[in-house]
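# Fold and contact review
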Amino acid sequence: MWTSITTSLALTGSGLDPSAVDRALGLSRLAEQLTGASVHHGPGWWAYSLDEHFSTDLGEQVAALTAQVAPRLDAIRALSAVGCFAQVSIAGTVRADERLTLSPESADRLAALGLPVSFTTLLEGNTASEDSLDWLD
């Protein structure tokens, strides 16, 4: 079983301006109002995430994220047109020989967005990093 699951909308790009992404998507304001939601950014990346404080259930995270992202797809496409790469990132910690199950409903919701989806696993006990968004740096 996966733990510490985080489901994110992630945008990357060499010229990405986090404040421009914030203005275009308006998800920073939503993150301030929603427990377990956050916006993080660094050089060349920006992410809106739902974590285990929002829900420990992947299906609930996917349902909420897709509901929040779907009305913003035009803005995401506009950002993509100027060089940003957008994707949904699902990350979590896993013990050896365990798996994450994605329900057909969650897969359908993700497919409806038309965005690439990535899965990042952190092995339990690996203390190299505790941040599920480290791969964006």
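Everything below is about the structure shown above.
Analysis parameters
Residues numbered from 1 in each chain as written. Predicted model: local features only at pLDDT ≥ 70, side-chain atom pairs only at ≥ 80, totals over all residues. Heavy atoms only, no water. Helix = DSSP H or I, 4+ residues; strand = E, 2+ residues; numbered from the N terminus. Rg over C-alpha atoms; globule rule 2.2 N^0.38 Å. Buried < 20%, exposed > 50% of the residue type's maximum accessible area, 1.4 Å probe, protein only. Areas by Shrake-Rupley, 256 points an atom, 1.4 Å probe, with all protein chains shown as cover. Pairing = 2+ DSSP bridges. Axes fitted to C-alpha atoms, helices over the stretch in contact; angles between N-to-C directions. Contact = heavy atoms within 4.5 Å. Arc of directions from axis to C-beta. Parallel < 35°, antiparallel > 145°, perpendicular 65-115°, else oblique. Nonpolar A, V, L, I, M, F, W, Y, C, P; charged D, E, K, R; others polar.

## Observations concerning the overall build of the protein chain
Along the protein chain, the regular secondary structure elements total 5 helices and 5 strands. The C-alpha atoms of the protein chain give a radius of gyration of 14 Å, which matches the 14 Å a tight globule of 137 residues would have. Dimensions of the protein chain, computed from C-alpha atoms along their principal axes, come out at roughly 40 × 35 × 25 Å. Here the protein chain, with 137 residues, has 44% of them falling under the buried criterion. Carbon and sulfur atoms make up 51% of the accessible area of the protein chain, which totals about 7,200 Å².

## Concerning the sheet that holds strand 4 (residues 85-94)
In spatial order, the strands read 2-3-1-4-5; together these 5 strands make up an open sheet with mixed pairing. The outermost strands of the open sheet, each flanked by one partner alone, are strand 2 (37-42) and strand 5 (117-123). The average undirected angle you get between the axes of adjacent strands in this sheet is 25°. Both strand 1 (residues 3-12) and strand 3 (residues 45-50) contribute to a ladder of 6 bridges, which runs antiparallel. Each bridged residue has a counterpart across the sheet, and for Ala10 the counterpart in strand 3 is Ala47.

## Concerning the pairing of strand 2
In this structure, strand 2 lies alongside strand 3, joined through 6 bridges in antiparallel fashion. Each bridged residue has a counterpart across the sheet, and for Gly42 the counterpart in strand 3 is Trp45. Hairpin connection from strand 2 to strand 3: 2 residues lie between these consecutive antiparallel strands, with Gly44 at a positive phi of about 80°.

## Considerations on the side chain of Asp51
Note that Asp51 resides in the loop between strand 3 and helix 3 (58-69). Contacts of Asp51, omitting those with residues within four sequence positions, involve Ile5, Thr6, Gly36 and Gln61.

## As for helix 4 (residues 73-81)
For helix 4, every residue scored as buried is listed here: Leu73, Ile76 and Leu79. End-on view of helix 4: buried residues confined to an arc of 115°, all on one side of the axis. Pointing more than 90 degrees away from the buried face of helix 4 are the exposed residues Asp74 and Ala81. As for helix 4, its buried residues are in contact with strand 1, helix 1 (18-25), helix 3, strand 4 and helix 5 (104-113). Directly after helix 4, the chain includes Gly83, whose backbone phi takes a positive value near 110°.

## Let's talk about the packing of helix 1 against helix 4
Look at helix 1 against helix 4: their axes get within 9 Å of each other, and the N-to-C directions meet at 150°. Classified by the angle between their axes, helix 1 and helix 4 sit roughly antiparallel to one another. Facing Val21, Ala24 and Leu25 of helix 1, the residues of helix 4 in contact are Ala75, Ile76 and Leu79. Among the residues making up the contact of helix 1 with helix 4, the classes are represented as 6 nonpolar, no polar and no charged.

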